[in-house]
Structures are given as C-alpha cells and as structure tokens.
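Descriptive analysis of the structure
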Amino acid sequence: MKRPDITGAFSRRWRALPSWVRWVARLAALAIALVLPAQSIARVMAPGSDWRTLLFFPIGVYVLLAVGLNVVVGQAGLLDLGYVAFFAIGAYSMALLGHNEHWNFWLILPAGTALAGLAGVVLGAPTLRLRGDYLAIVTLGFGEIVRISANNVNFTGGPRGISGVPHPPSVHGVKQLTFGVLDARPYYYLVLAAIVVVIVVSRRLERSRVGRAWASIREDEDAAELMGVPTLRFKLWAFAIGASFGGMTGVIWGSKVISITPDNFPLALSILILACVVLGGSGNLPGVVLGAFVVAWLPEYFRGAAAGKPLTHALNWVIGAHATDFAEYRTMLFGAALVALMVFRPQGLLPSTRRRAEMREGEGGLGTMGAVADEPQHIGEPE
Amino acid sequence: MRHLLTQFWSSTVDGLTVGAIYGLIALGYTLVYGVLKLINFAHSEIFMIGTFAALFTLHALDVTHQQTGVTLIGVLLLVVLASMAASSSAAVILERLAYRPLRRRGASRLAALISAIGASFFLQELFAERYGRDIRTFPRVMPNTTLFSIGDGVVTSEKALVFVSALAMMVILDLFVTRTRLGRGIRATAQDPETAVLMGVNIDRVVRVTFLLGGAMAGVAAALFSVRLKSTQYNVGFILGVKAFTAAVLGGIGNLRGALLGGLVIGLAENYGASVWGSQWKDVISFVFLVLVLMFRPTGLLGESLSRSKA
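The structure presented is a predicted model; accordingly, all values stated were derived computationally and were not measured.

Of regular secondary structure, chain B possesses 12 helices and four strands. Computed over the C-alpha atoms, the radius of gyration of chain B is 19 Å, within 12% of the 19 Å expected from 2.2 N^0.38 for a compact globule of 311 residues. Counting every position in chain B, which comprises 311 residues, the buried fraction comes to 57%. Considering only contacts in chain B between residues 6 or more positions apart, those separated by 24 or more positions represent 79%.

Here it is, written out as structure tokens:
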C-alpha cells in the first residue's frame, strides 16, 4: 500500500530546521495556546457555548489524558482500557484530601499523582506478564473495579459521591489566577501548564534509554528480552508513568468541579481517550494532541454551530433517533471512527515515522491475527 | 458466611442458571478466538441485539401476558428464532465490515482489538440513541411454576428451561464442530491456518461460519436471558460479555466444553460471593476472578484445545 507520505516529509523537514527556528515555532504554539480563551476566538470555535469552560473540560482534560495514555499505548505498545481508573484515583484524592483533610491543592497534586502511579504499579506488577490482548481485558476489569468500588464503599460517598471539593488557592490580585466558580480561565491555564510539563517529560523519556527500551518492546518483545532489555521492568515503568499522568489530570479536574460521583468515570471515557491517541497517531505527540482536540472539540462545536442542527437532524433521520444535541453522538461517531481508522489508516492521522514503518510491516508488536486468507507471508507467526 | 450456608442451595440453582447463559455467550468468544486469535469485543453487542430482537418479536406478536400449551411453545420458538437470526446476521456483518479488511492486510492483533472496541461502542450508542437509554422490560411469557426444590433452592420452570436449552445448544454445537465437514474446517483453521489453506479450506467461509455460529449461540442466550430476567438495555451486553469472556478463558479459550464449564463456575462463584459480601459486589467478584484466572491459569481449566497452544 503506497500512499503519499505528507506527514513523513513534514517531520523530516521539521528535524532539518535549525534549533532556534524550532524553538520559535514551539513558543508560537504556546503563545497561541495562551490567547485561546479570547472572546474573538470563542465566537469562531464555540458559538453558543462557554468556550473557556470547554477549553478546560473536555478539551484540556482530554489532551492531558491522551498525552498520558500515549506513554502506555503509543510508546510502550500496551493496550490499556482502564485508564479512567487512574483519573478517578486522582479525582478522589483531590476530593477526599481536600474536603475531609483540608489539604492544600499544591500538596494534593503530587500526592494524587504518586497515588495513581502506585496504583499503576499494583495493577501492573501481576498482570504485565500477560499477552497483549489479555492485558487489555484485565485493565478494563480494573477500571470497572475502581468505579464499582467507589459506588459501593462509604468513604467515597457511594453513588452520591463527594461534594464541596475545594479549589486551588488563588493568587491575590491576578484575575487570570483567581480560582473561582464562574471564570474557567485559571483552570485552563493550570491544565495548560500541566500539558506542557507532561509533553516535555514524555518527549525527554522518548529520547532516553527508557524510550528506546519501550520502542523495542513495542516492536518485538521477545527480541528485546533477548537483547538484554528487562522488559517487565520497563513495561511497569510505562504503566506507572502513564498512570501518574492520569492521576495528575484527575486532581486538576477535581479541583474545579466541586462535586464528583462514580458516574464521572465510565468505561466510555477510557475508550474515548484511546480513540484520541489512536486517531491522532499513537506515539506521535503532535498527532495525539490533535486527536484529543478533535475528539473533545468537534461535538461541542456542532452543538452550537449553525451546521450542527441540520447535521443532528440528518443523523436522527438515518438511525431514527431523537437526539437534540450533537454531542450525544460523540461516542457513537468516534466508535465508528476507530473502526474506519483501523480499516483504512491504522497508523492514525499524524503518525510518527517509526510507528508508520512498524505498521507497514503489518506487525504492531503483538503478532498478527490468526487466519489470513491471502498474503501468506503474514500467516500465523507464533508469539 | 452465615448467608453462604443458609442460601447455599438457592445460590447454587441461580448460579447454574445464569452460568448456563454465560456459557452460551462464552462459546462465541471461544470460537472466534480459537480461529482468529481475536477478542471479539463486540460480541457483547451481538448478544444485546438478540435481546432487542426478542423484545420486538414479543411486541409484534402482541404477547403481554402468560401463555400456555402450544401457544407458549410457539411464542418461545419464534422468540428464539428471531434472536438467533438477528444476532447471527449482526455477527456476520460485523466480521465483514470491521474485521475482514484487517485480516486481509495481516494487521496487528492490537489493531483488530481496537476495531472491535470501536464497533462495540458504535453499536451500543446506536441502540441507545435509537431506542433510548432506559431499561426495557419484557412481559412474563412463561408460567413460573415450581418443579421441585433442593434445600432452599427452588427450581422453577424458567430456570429449568434456561439450563436445559443451554446444555442442548452446547451439545449441538459440539457435534457440529467435531462431526461435520465445516466443523473440521474450523478446527483445521484454528490449528494451522497456513496448512488449512493448502489443504483447500476456504478460510473466508470458515471465518463467516464461525461468526455465524457464535452469533447464533449469543442469540439463544439472549432469548433465554429475556425469558428469565425480563429486562434489557443498550449496555446489557457489557457486563455479561466480560463475564462470558472470563468463562471462556477459565474453561480454556478455544475449548467449547470448557466454555460451558467456565460459565457455570463463574455463575456459581458470583452467587456464592454475593451471598457472602452482598449482591452489589457481584460484578467486582467476576472481574477479580478474571484477573486471578489470567494470572494463575491463563490456559484455563481444560486447556486451550480448538486452537494451537500459545501460552
């Protein structure tokens, strides 16, 4: 399958640029992110809804979660279907420590991050020996265990959850950093700072010995093991780091919403975040950010935009439904997008160069499907 | 602990009934995994589609209350046939659209699983938007008479019907796979797809039949579920699907008899567990069971038989 290699050419040209040009481009991207909450942008991006609130959730939170999950799925090649569990652990840390123990947000942030990372190790240590598809199902089970447990035990408030979760402390006199109820901007800047930190950390990791070990595990775990890579330890690292990013997102999200319930952490959220990573091109950070932005923003855009109403009506007519709000179709459309993507463009919209090469070989590191009709070269390699 | 003893027999009867349904769904997972090495994540939605087909059949027949005699048998047969038709055609379409293109390309198993997950969520949301997110209830079709009781366990006609039909379907499927020509094709493909092709097995046909059979079993399970539990919802398949998958792994994935055994064990375990810790923990018990099985005995109780070993 030969396709014009646009993104590959772009990434090659990007790396050929002098480093100061690349820094200017990065700073420009950051500057754009900083002025995103402006009213003039809001009118274009989110007509009819509160753009600043959307920038925090779902957009910012999805981007942060997707970049975190990318460490596990994109870099180490481990399919995690229960990522929302770590997000939940972070959010419940914020709620419990903030509401019951009156801890400061800046203390809870590292605590919740560490707690989620620990949960990642606890889940990963016994299960990371499993083959890839079994691991996916176990992580899915873990996500559900966390949600159902939060529903059933008393200290999390059961199905009613916890309300009265405090906000982060404000910086006096600075309007952009006064964490209140109405203005979502401070929270957006908080989540933006977290996104920058997480991107820098995962970029540094990718280029380090750890990142190379992850790539080797993703491509061929047996070969990596034979070459002396302690695969289990590095997989555990990927799990723990990804989990702690998820926990951090949970703390930040929890510091805005005032009340949290177990229903905030459905399996569908794990799947949507997976869709973000896969849609953008797992392993490639700009792709993942773009994917998350699209998944989070597009349904919200059509909710208010002029094109949204006829589009919703058209979908209603096709499937015989009565949706009033385009965002109701979010999970359905991105579910279909996952199938279409795997069928037509498994490497994602903006794949990383390396990942694309792996996909072209037809081996994502987990062996091929069993029965293959033609193309006999792919048949039944044992794991 | 006290409840475990006082409710022992009723837990056993309920566990075996629901376990038989898990076993029937597990057959679909085990067949597809045996042949394709794919966790057909959307199999739970195949089941869900079956329950909706059962519901609409009852609506179409205008059945609102209990039936007896020949009418009862007729209604039950129509419901089962409708569920089987809906589920198996959905399974075949799913294979055609979401899996075959990937198979042709020799895509990674991770890619196939992601496609399956996408299909699963698409179908769930499609039904949620089309038919609403509320629980839909079924009329009681069958008179629920007590046949006999063991201790505190009461065996009613419904429970007996579920258990006996599940067992019968299981035997029919087992005979099909072990005795017929197509069944031999399925086993050959599961063992070694490359050699099977060389021996003249039409793999596309084998895969289609595999999905058809799995879907038909899910359809029977859906009809029995509707008769016994009398409610459905767009996401009814998810929890049942995870439990059935656990059953398939527990019995040894690819192993048809193992799937039924696994289903019964899961059904018993969650009912005994519920009588100890309370029924709100039922689903957690199944998930923990799944994790433990995968950790300590990933080849299952009876071993992986339909497929080659790949532990």
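Further notes follow.
So, about the nonpolar core. Core analysis: the largest hydrophobic core is formed by 220 residues, its most contacted members being Tyr62, Ala66, Val191, Ile273 and Cys276 of chain A together with Ile21 and Ala221 of chain B. For Ala221 of chain B, the residues in contact, after removing those within four places along its chain, are Ile21, Leu24, Ile25 and Phe47 of chain B.

Take helix α14 (residues 308-319) of chain A next. The first and last C-alpha atoms of α14 of chain A sit 17 Å apart over 12 residues, in line with the 16 Å expected at 1.5 Å per residue. Directly beyond the C-terminal end of α14 of chain A, a positive phi value near 70° is found at Gly320 of chain A.

Turning next to the packing of helix α5 (residues 84-100) of chain A against helix α11 (residues 231-257) of chain A. Residue and element names in this part refer to chain A. Viewed as axis vectors pointing N to C, α5 and α11 meet at an angle of 45°, and their least axial separation amounts to 6 Å. In terms of orientation, α5 lies oblique with respect to α11. The element α5 and its partner α11 pack so that their crossing is right-handed. Contacts between α5 and α11 involve Phe86, Phe87, Ala88, Ile89, Gly90, Ala91, Ser93, Met94 and Ala95 from the first element and Ala243, Gly246, Gly247, Met248, Thr249, Gly250, Val251, Trp253, Gly254 and Ser255 from the second. Considering only residue class, the contact of α5 with α11 consists of 11 nonpolar, eight polar and no charged.

Attention now moves to the environment of Ile145 of chain A. Here Ile145 of chain A is to be found in helix α7 (residues 132-152). Judged by the 21 C-beta atoms lying within 10 Å of it, Ile145 of chain A is buried. Along the sequence, Ile145 of chain A and Leu269 of chain A sit 124 residues apart, while their C-alpha atoms lie 15 Å from each other. Beyond its immediate stretch of four places on either side in the chain, Ile145 of chain A contacts Val284, Phe287 and Val288 of chain B.

Calculation notes
- Residues numbered from 1 in each chain as written.
- Chains lettered and ligands numbered in written order.
- Predicted model: local features only at pLDDT ≥ 70, side-chain atom pairs only at ≥ 80, totals over all residues.
- Helix = DSSP H or I, 4+ residues; strand = E, 2+ residues; numbered from the N terminus.
- Rg over C-alpha atoms; globule rule 2.2 N^0.38 Å.
- Buried ≥ 20, exposed ≤ 12 C-beta atoms within 10 Å, placed from the backbone.
- Contact = placed C-beta atoms within 7 Å.
- Core = buried A, V, L, I, M, F, W, Y, C linked by C-beta atoms within 7 Å.
- Expected span 1.5 Å × (residues − 1).
- Axes fitted to C-alpha atoms, helices over the stretch in contact; angles between N-to-C directions.
- Parallel < 35°, antiparallel > 145°, perpendicular 65-115°, else oblique.
- Left-handed = near helix turned anticlockwise from the far one by under 90°.
- Nonpolar A, V, L, I, M, F, W, Y, C, P; charged D, E, K, R; others polar.

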